[in-house]
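Read off the chains here:
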Amino acid sequence: MKPVVAPYPAARLRRTRATPAVRALVRENALEPGDLIWPVFVRSGEGIEEPIPSMPGVMRRSVDKVVEAAAEADALGIGAMCIFPYTGIEERTEDCAGAWDPHNHANRAIAAIKAKFPNMAVMSDVALDTYNINGHDGFVENGIIVNDRTVEALVKMALSQAQAGADIIGPSDMMDGRIAAIRAALEQKDHTDVMILSYAAKYASAFYGPFRDAVGASAALTGDKNTYQMDPANSNEALRLVARDLAEGADMVMVKPGLPYLDICRRVKDSFGAPTFAYQVSGEYAMIMAAAQNGWIDQERVMMESLMAFKRAGCDGILTYFAPAAARLLNG
Ligand code: PBG
């Protein structure tokens, strides 16, 4: 598209910015509560809402409190939640068996939300880092993160989540071949309508720091994730990963982190036209909250501006810890 602009003064581009009514008429993008996926952390116990210091306003909730959060989301018009488990160092093992335990607290939270709010789209997390003694998304053998044995475990984990009632399986692990393997297993076990939202272009990012505190992985993690997550210097590789995951049966794809990678969102949307999501990750949330708490920026305005940026970049939806605050504002 080539923009046509008459010479000044025939063209005064300020004309269409002059009043709120006209600005609303020419506005190109809109944000709605229905665009948001709310990531929620679940832990053991009952009646617990435990603040996460590096993510002001975000809690680890026991299952009963996650159900209360679902009621809040439902009332606000947020149609989707994503469940991440917090696992203490004493619950973590080398074989990661907790990951596919049908009764682990993530699976209990998924089932509890679906029992009370059957219309809520519930997304799961597929990766071993929340159960692994060393904090990695895959099994570690002699210091190497092994691919194929990890994929077998991820399939078991995904099936346990589908069994618990998850609508959307969210593989965040970046192993090769996991989308095809999970898709085949879902078909075989009659979970034919369960969706996969692939974390297709997930970068090895320092913006995940507060999340690793939230899920208990910071204390466990040895080394970095550079052998499986993407190099932040790369862009074409993101398109190859998205193409690969769509070809393997992903219904939707994600770019992660969010704001620093809006160029990738745009390229992915333009290249494939598939449902495209971005994850405004923990470090992005923490930066905005920290600056706002210091009085250096206006939290509400920066929050809404950052969320609109994702829509402008071509995203259909956004995973964001701001989901309830943003929905409240959007609902007036
Ligand atoms: C790990 C996972 C991470 C996030 C979601 N799933 C962190 C990581 O890869 O180390 C990050 C989300 C956030 O920072 O908000 N499977």
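Residues numbered from 1 in each chain as written. Predicted model: local features only at pLDDT ≥ 70, side-chain atom pairs only at ≥ 80, totals over all residues. Heavy atoms only, no water.

Caption draft 1: Quick look at the overall build of the protein. For the protein, the helix and strand inventory stands at 11 helices and 12 strands. Taken over the C-alpha trace, the protein has a radius of gyration of 20 Å; the compact-globule value for 332 residues is 20 Å, and the two agree within 12%. Seen through its C-alpha atoms, the protein measures out along the principal axes to roughly 70 × 45 × 40 Å. Among the 332 residues that make up the protein, the fraction classed as buried is 53%. A separation threshold of at least 6 residues defines the contact pool for the protein, and within that pool the share at least 24 residues apart is 75%. Per element, the accessible surface of the protein, about 15000 Å² overall, is 53% carbon and sulfur. Computed over 33 positive and 41 negative side-chain charges, the separation of the two mean positions in the protein equals 9 Å. (Helix = DSSP H or I, 4+ residues; strand = E, 2+ residues; numbered from the N terminus. Rg over C-alpha atoms; globule rule 2.2 N^0.38 Å. Buried < 20%, exposed > 50% of the residue type's maximum accessible area, 1.4 Å probe, protein only. Contact = heavy atoms within 4.5 Å. Areas by Shrake-Rupley, 256 points an atom, 1.4 Å probe, with all protein chains shown as cover. Lys, Arg positive; Asp, Glu negative; His and termini not counted. Charge placed at Lys NZ, Arg CZ, Asp CG, Glu CD.)

Caption draft 2: Here's a closer look at the site of the ligand. Arg 212, Lys 225, Lys 256, Ser 282 and Tyr 321 are the nearest of the 17 residues found near the ligand. One of the side-chain N or O atoms of Asp 129 is found 3.1 Å from a nitrogen atom in the ligand. Between an oxygen atom of the ligand and a side-chain N or O atom of Arg 212, the distance comes to 2.6 Å. Against a free-state accessible area of 400 Å², the protein chains account for coverage of 100% of the ligand. Residues that form the shell around the ligand fall into these classes: 8 nonpolar, 3 polar and 6 charged. (Near = heavy atom within 4 Å. Polar contact = N/O pair within 3.5 Å; in protein donor to acceptor, adjacent residues only side chain to side chain. Nonpolar A, V, L, I, M, F, W, Y, C, P; charged D, E, K, R; others polar.)

Caption draft 3: Quick look at helix α9 (residues 282–293). Taking 1.5 Å as the rise per residue, α9 with 12 residues should run 16 Å; its terminal C-alpha atoms sit 16 Å apart, in good agreement. Here α9 lies mainly inside the structure; 9 of its 12 residues are buried. Within α9 the residues assigned to the buried category are Ser 282, Gly 283, Glu 284, Tyr 285, Ala 286, Ile 288, Met 289, Ala 291 and Ala 292. Following α9 by one or two positions, Gly 295 adopts a phi angle in the positive range, close to 75 degrees. (Expected span 1.5 Å × (residues − 1).)

Caption draft 4: Broad picture of the nonpolar core. Ranked by internal contacts, the top residues of the largest apolar core, which has 106 residues, are Phe 41, Met 81, Ile 83, Met 123, Ile 169 and Tyr 279. Tallying contributions element by element places helix α4 (residues 148–164) first for this core, with 9 residues. Sequence-distant contacts of Tyr 279, defined by excluding residues within four places in its chain, comprise Pro 39, Phe 84, Tyr 199, Phe 211, Met 254, Val 255, Lys 256, Pro 257, Gly 258, Glu 284, Leu 319 and Tyr 321. (Core = buried A, V, L, I, M, F, W, Y, C linked by side-chain atoms within 4.5 Å.)

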